[in-house]
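Architecture and fold: a report
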Amino acid sequence: MKNNNEIKVRNITFSFDKVPKHWVLDNPIMTHFSNSMHIVFPSGEKFFIRSVRKFAKEIKDNKLSKDIKGFCGQEGIHSREHERFWDIMEDQGLNPGRFEKFLNKVAFSGKLSMENVLVKGLNKLSPRLGDKMSLSVTAGLEHYTAILANALFNEPFSINDKIAPQMLELMFWHASEEIEHKAVCFDVLREVDDSYILRISGYSIASVVLWLFLGVGQVYFISQDKDIDVKKLPANIQQFIQEIVFGKTGQGLSKNMLSYFRPNFHPDDIDDRHLAEMFFSNKSYG
Ligand SMILES: [Fe+2]
Ligand SMILES: [Fe+2]
């Protein structure tokens with residue numbers, strides 16, 4: 001079913017006052033996985049905007065052109081709000097800047113970064129192939145953010161009072177907007193080049209880089225954290241594996257991850273737009 005909703009840009013600012021250091025269930029392993037997202041998402045979102053803007057002028061469909069603007073607006077504000085949390089992480093002694101520099105050097109802005117090597121190399125091989133591949137990686141990563149958003153809404157512990165409420169608000173706001181704009185880059189890619197091989201190649205790259213950098217960030221923040229109680233670590237790791245990797249989140253994610261491989265897949269096959277509508281229906285900024 002075609003989605004006719006307008007993508008609304010909500011310019012809101014969150015307050016992160018008094019967020020405890022281990023803000024997810026008092027578990028540093030779960031917290032630092034989430035903290036890793038505060039670094040990986042902003043850089044990724046800037047990459048999404050760069051990638052989709054390269055094709056914006058070629059899009060003939062008026063609705064899709066408008067959606068690209070809405071998409072870039074929403075991603076810009078997500079990026080800004082996650083970056084604002086870096087000050088809190090800095091005060092907690094986690095040194096987020098060092099991980100951000102590493103991530104950008106390796107993945108995005110460094111001379112030999114993945115983005116530069118991939119885009120320039122493929123563009124030399126065939127005109128615009130590199131630009132199309134970065135758009136395809138973006139569409140793949142947008143599938144991940146959409147299914148992570150879906151998982152959050154279905155995750156029992158997301159209503160747990162042991163997660164800092166201001167962080168939950170940030171996560172649900174971001175998740176809802178990810179659901180709202182989940183099909184934009186996919187539809188742009190389809191209009192630019194509907195090759196299945198291109199779509200799946202981008203998704204494969206997205207699958208490796210997303211989990212790799214989230215994992216590296218998690219390990220980095222664990223290594224920076226001086227307040228970890230080593231005696232509690234085995235139980236913390238067990239809870240992370242049990243509740244996230246093999247729990248409802250992991251199960252929902254793996255099912256939806258595989259759906260992207262279907263040749264006729266479209267993001268709207270996953271019927272969850274009502275979750276975002278429900279979330280915004282009782283918000284003053286909705
Ligand atoms: Fe986002
Ligand atoms: Fe997104």
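Scroll up for the structure.
Below is a summary of the structure that appears in this document. Nothing here was measured: the structure is a model prediction, and the numbers come from that model. (Residues numbered from 1 in each chain as written. Chains lettered and ligands numbered in written order. Predicted model: local features only at pLDDT ≥ 70, side-chain atom pairs only at ≥ 80, totals over all residues. Heavy atoms only, no water.)

1. With respect to the overall build of the protein chain
Within the protein chain, the secondary structure is distributed over 12 helices and zero strands. In sequence order, the secondary structure elements of the protein chain are arranged as α-α-α-α-α-α-α-α-α-α-α-α. Along the first, second and third principal axes, the C-alpha atoms of the protein chain reach 55 × 45 × 35 Å. Considering only intrachain contacts with a sequence separation of at least 6, the fraction spanning at least 24 residues in the protein chain is 83%. The averaged location of the 36 negative side-chain charges in the protein chain is 5 Å from the averaged location of its 36 positive side-chain charges. (Helix = DSSP H or I, 4+ residues; strand = E, 2+ residues; numbered from the N terminus. Contact = heavy atoms within 4.5 Å. Lys, Arg positive; Asp, Glu negative; His and termini not counted. Charge placed at Lys NZ, Arg CZ, Asp CG, Glu CD.)

2. A look at the layout of surface pockets
Within this model, the largest pocket holds a volume of roughly 630 Å³. Contributing to the lining of the largest pocket are 28 residues, with Phe33, Met37, Leu148, Met171 and Thr249 lying nearest its centre. For the lining of the largest pocket, the elements supplying multiple residues, two or more each, are helix H1 (28–56), helix H6 (129–154), helix H7 (165–180), helix H10 (233–245) and helix H11 (248–259). The greatest single-element share of the lining of the largest pocket, amounting to six residues, is contributed by H1. Class assignment of the residues belonging to the lining of the largest pocket gives a composition of 19 nonpolar, seven polar and two charged. Quantified by volume, the second largest pocket comes out at close to 360 Å³. The wall of the second largest pocket is formed by 23 residues, among which Phe47, Phe108, Val137, Leu141 and Val209 lie closest to the centre. At the level of elements, H1, helix H4 (96–108), helix H5 (114–125), H6 and helix H9 (196–224) are the ones that each hand at least two residues to the lining of the second largest pocket. (1 Å grid on protein atoms, 1.4 Å probe; cavity = no way out; pocket = protein on both sides within 12 Å on 5 of 7 lines; lining within 4 Å. Points joined across faces, edges and corners; volume = space filled by probe spheres on them. Nonpolar A, V, L, I, M, F, W, Y, C, P; charged D, E, K, R; others polar.)

3. Thoughts on the side chain of Ser113
Looking at the secondary structure, you find Ser113 in the loop between H4 and H5. Within polar-contact distance, the side chain of Ser113 engages the backbone oxygen of Phe108 at 2.8 Å. With sequence-adjacent residues up to four places away left out, Ser113 is seen in contact with Asn104, Lys105, Val106, Ala107 and Phe108. (Polar contact = N/O pair within 3.5 Å; in protein donor to acceptor, adjacent residues only side chain to side chain.)

4. Considering the coordination of the iron ion (ligand 2)
Distances from the iron ion (ligand 2) to its protein donors, Glu75 (OE), Glu142 (OE), Glu142 (OE), Glu178 (OE), Glu178 (OE) and His181 (NE2), fall within 1.9 to 2.7 Å. Around the iron ion (ligand 2), the six donor atoms are arranged such that angles at the metal cover 52 to 147 degrees; this shape is classified as irregular. Sequence spacing of the donors to the iron ion (ligand 2): E-x66-E-x35-E-x2-H. In this structure, the iron ion (ligand 2) is positioned 3.7 Å from the iron ion (ligand 1), and both are ligated by Glu75. Of this pair, Glu142 sits in helix H6 while Glu178 sits in helix H7, and the two are 36 residues apart along the sequence. When its relative accessible area of 2% is taken as the criterion, Glu178 is described as buried. (Donors = N, O, S within 2.8 Å, 3.2 Å for Na, K, Ca; no water. Tetrahedral: all angles 85-135°; square planar, octahedral: opposite > 155°, others 65-115°. Buried < 20%, exposed > 50% of the residue type's maximum accessible area, 1.4 Å probe, protein only.)

5. A look at a nonpolar patch on the surface
Taken together, Phe102, Val106, Met114, Val208, Leu212 and Val216 make up a surface patch of nonpolar side chains, about 450 Å² in accessible area. Those elements giving two or more residues to the nonpolar patch turn out to be H4 and H9. The element best represented in the nonpolar patch is H9, accounting for three residues. (Patch = residues over 30% accessible without salt bridge, like charges linked within 9 Å, V, L, I, M, F, W, Y side chains within 5 Å. Areas by Shrake-Rupley, 256 points an atom, 1.4 Å probe, with all protein chains shown as cover. Salt bridge = Lys/Arg side-chain N within 4 Å of Asp/Glu carboxyl O.)

6. Some remarks on the coordination of the iron ion (ligand 1)
Within the protein, Glu45 (OE), Glu75 (OE), His78 (ND1), His174 (NE2) and Glu178 (OE) serve as the donor atoms for the iron ion (ligand 1), at 2.0 to 2.3 Å. Donor residues binding the iron ion (ligand 1) come from one chain and are separated in sequence as E-x29-E-x2-H-x95-H-x3-E.

7. Digging into the packing of H1 against H4
Two elements in contact, H1 and H4, have axes whose closest approach is 10 Å; the angle formed by their N-to-C orientations is 35 degrees. Classified by chirality, the crossing of H4 by H1 is right-handed. Two secondary-structure elements touch here, H1 through Ser36, Ile39, Val40, Ser43, Gly44, Phe47 and Arg50 and H4 through Pro96, Phe99, Glu100, Leu103, Asn104 and Phe108. Here the residues of the contact of H1 with H4 are counted per class, giving seven nonpolar, four polar and two charged. (Axes fitted to C-alpha atoms, helices over the stretch in contact; angles between N-to-C directions. Left-handed = near helix turned anticlockwise from the far one by under 90°.)

8. Notes on the packing of aromatic side chains
One pair of aromatic rings is described through two measures. These are the centre distance and the angle between the planes. Evaluated as defined, the whole model comprises 21 aromatic pairs. Seen from their ring centres, Trp23 and Phe85 are 6.4 Å apart, and the 80 degrees between their planes marks the pair as edge-to-face. Here Trp23 is found in the segment before H1, whereas its partner Phe85 is found in the loop between helix H2 (62–84) and helix H3 (86–91), with 62 residues between them in sequence. Of the two residues, Trp23 and Phe85, neither departs from the other in class, the shared state being buried. (Phe/Tyr/Trp six-rings, centres within 6.5 Å; stacked < 30°, edge-to-face > 60°.)

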